[in-house]
Amino acid sequence: MSDHEAARVLRVEGRVLVGPDDVRDGLWAVGGRVTYERPPGADGADVVTGWVLPGLVDAHCHVGLDHHGAVDAATSEKQALDDRAAGALLLRDAGSPADTRWIDDREDLPKIIRAGRHIARPRRYTRNYAHEIEPGDLVAYVAREARRGDGWVKLVGDWIDREVGDLTACWPRREVEEAIAEAHRLGARVTAHCFAEDALVDLVEAGIDCVEHATGLTEDTIPLFAERGVAIVPTLVNIATFPELARGGEAKYPRWSAHMRRLHERRYDTVRAAYDAGVPVFVGTDAGGVLAHGLVADEVAELVRAGIPPLEALSATAWGARAWLGRPGLEEGAPADLVVYDEDPRADVRVLAAPRHIVLNGRVVG
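Criteria and thresholds
- Counting starts from 1 at the beginning of each chain's written sequence and moves along it residue by residue.
- The predicted origin of the model limits local features to residues at a pLDDT of at least 70 and limits the giving and counting of side-chain atom pairs to 80 or more, whereas totals for whole chains, interfaces and linings rest on all residues.
- With hydrogens and water set aside, each side-chain value is computed from the structure's full complement of heavy atoms.
- By convention a nonpolar core is built from buried Ala, Val, Leu, Ile, Met, Phe, Trp, Tyr and Cys residues, the set being connected through side-chain atoms within 4.5 Å.
- Note on exposure labels: buried denotes an accessible area under 20% of the residue type's maximum, exposed denotes more than 50%, and partly exposed covers the range between, all computed with a 1.4 Å probe on protein chains only.
- The contact rule is simple, with two residues in contact once any of their heavy atoms fall within 4.5 Å.
- DSSP-based pairing: two strands are paired if at least 2 bridges between them are found.
- Elements are defined by DSSP. Helices are runs of H or I of four residues or more, strands are runs of E of two residues or more, and each kind is numbered from the N terminus.
- All axes are obtained by fitting lines to C-alpha atoms, using only the stretch in contact for helices, and the reported angles, taken between N-to-C directions, cover 0 to 180 degrees.
- A pair of aromatic rings is counted whenever rings of Phe, Tyr or Trp (Trp by its six-membered ring) have centres within 6.5 Å, and the orientation is called stacked for planes under 30 degrees apart, edge-to-face for over 60 and tilted otherwise.
- Geometrically, a lysine NZ or arginine CZ counts as sitting over a ring once it is within 6 Å of the ring centre and also within 35 degrees of the ring normal.
- It is the directions from the helix axis to the C-beta atoms whose arc is reported.
- For this document, the term salt bridge refers to a Lys or Arg side-chain nitrogen within 4 Å of an Asp or Glu carboxyl oxygen.

Undergrad: Lay out the nonpolar core in plain terms, naming residues and giving numbers.
TA: Ranked by internal contacts, the top residues of the largest apolar core, which has 87 residues, are Leu 155, Ile 208, Phe 225 and Leu 303. Among all residues touching Leu 303, those that are not within four sequence positions of it are Pro 234, Leu 236, Val 271, Val 281, Val 283, Ile 308, Ala 313 and Ala 316. Residues Val 16, Ala 29, Val 34 and Leu 338 belong to the second largest nonpolar core, which totals 14 residues.

Structure (structure tokens):
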């Protein structure tokens, strides 16, 4: 860091939500880091004012991916900038075939926690997205992606089986157990795409750490998730597309289409039941495949619509999400990544849709 960068000071005035009940009167960003002690040079600092949250978390998105597969650097940059404009400054990239490591060198772009590339069965996922492998290769590929990622690995746990005409589990129990154990040995957590019911028990009992979408949760499996502390990222803004998907597949796969409609119809009840049982719930949008980036506020609103208390929905994209991912919020010495709003987002999460200022590494970038 240059002397100029080290000396850079920003004053943030107003109400700083360090935690749900930890509200402080302002902070400074010095050399890109948070401090609550008045620094030298504070008199000449630039000032932003308002209600302050740590940079929001989108815990399921895909930078470097669109519906065709990997995208170029310019498109990846636009995706990251759209997330930034929405206040999402920490992204868990839940699978991408693109190399986005160059983003780590950009102080003006969100920080990314990568899960490597999806791991799927042949012809059992969206084309050009995943490593498509047989079960006998699962452990080796999980080890590979654990080494390439940032502490996460992403499996495709279920997908439509064209011979059956419906969603079915992708992996045998023994291979899943061995693969998750190998990921944990290498220090990585494992998550899985799961729409349906069938794969969930094997994945959870095998030691999985998180399930994406989790629309197939039932009164039988929710207690298992709660007991094991397995988190879910419901991606409700993506689940909203299920009726359209069902219409498109009706003629060829009527059983699958009916299943997708049932999962969609009970989506809010499923999420609320999981939350009520003590299952950790976090915000993720599934942006980057078909959906646009920058939908984090919409997903928080969807969690509230599902019946999660507003403060808990806010935590699922702020304090709680950052703690779950092992990244700091607005404590002393943390990166000064924050979002400033005109009103208290604890009172109404719809405030998240209109950030006044975006600050990354102590710089006002939006």
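Undergrad: So what about the sheet that holds strand 10 (residues 111-114)? Which residues, and what values?
TA: Remark on secondary structure: sheet strands pair via backbone hydrogen bonds, oriented parallel or antiparallel. The strand order across the open sheet formed by 3 strands is 6-9-10, and the pairing between neighbours is parallel. Every interior strand has two partners, whereas the edge strands, strand 6 (56-61) and strand 10, have only one. Averaged over all pairs of adjacent strands, the angle between strand axes in this sheet comes to 20°, irrespective of strand direction. Where strand 9 (residues 88-93) meets strand 10, 4 bridges bridge the pair, whose relative direction is parallel. When the bridges of strand 10 are listed, Arg 92 appears paired with Ile 113. Against the sheet, helix 2 (residues 73-85) engages strand 6 and strand 9, with an angle of about 130° to strand 9.

Undergrad: Explain the packing of aromatic side chains residue by residue, including any values.
TA: Scanning the model with the defined rule gives 6 aromatic pairs in all. An aromatic cluster is built from Tyr 125, Tyr 129, Trp 159, Phe 195 and Phe 242, whose rings are joined through pairwise contacts. Sitting above the plane of the Trp 28 ring, Arg 11 keeps its charged end 4.1 Å from the centroid. When the ring centre of Tyr 268 is taken as origin, the NZ or CZ atom of Arg 267, which lies over that ring, is 4.2 Å away.

Undergrad: Describe helix 10 (residues 267-276), and please don't skip the residues or the numbers.
TA: Turning to helix 10, its buried residues are Arg 267, Thr 270, Val 271 and Ala 274. Seen along its axis, helix 10 keeps its buried residues to an arc of 95°; they face one direction. Turning to helix 10, the residues buried within the fold contact helix 6 (222-228), strand 18 (231-233), helix 7 (236-239), helix 9 (254-265) and helix 11 (296-305). Note on helix 10: the residue one or two positions beyond its end, Gly 278, has a positive phi of about 95°.

Undergrad: Could you give an account of the pattern of salt bridges, with specific residues and numbers?
TA: As enumerated under the stated definition, the model contains 28 salt bridges in all. Where Glu 145 meets Arg 148, a salt bridge forms, and the shortest distance between an N and an O atom there is 2.6 Å. With a gap of 3 residues between them, Glu 145 and Arg 148 both fall in helix 3 (residues 138-148), about one helical turn apart. The shortest N-O distance in the salt bridge between Arg 185 and Glu 182 comes to 2.8 Å. Placement of the pair is Arg 185 and Glu 182 together in helix 4 (residues 173-185), with a separation of 3 residues, close to one helical turn. By relative accessible area, Arg 185 is classed as exposed at 57%. Linked through salt bridges whose partners overlap, the residues forming this network are Arg 101, Asp 104, Arg 114 and Asp 150.

Undergrad: Residues and numbers for the pairing of strand 13 (residues 152-156), please.
TA: For strand 13, the buried fraction is high: 5 of the 5 residues fall into the buried class. Here strand 13 shows a buried face lined by Trp 152, Lys 154 and Val 156 and a second buried face lined by Val 153 and Leu 155. Across 5 bridges, strand 13 lies against strand 16 (residues 189-194) in parallel orientation. From the neighbouring strand, Val 153 faces strand 16, where its bridge partner is Val 190.

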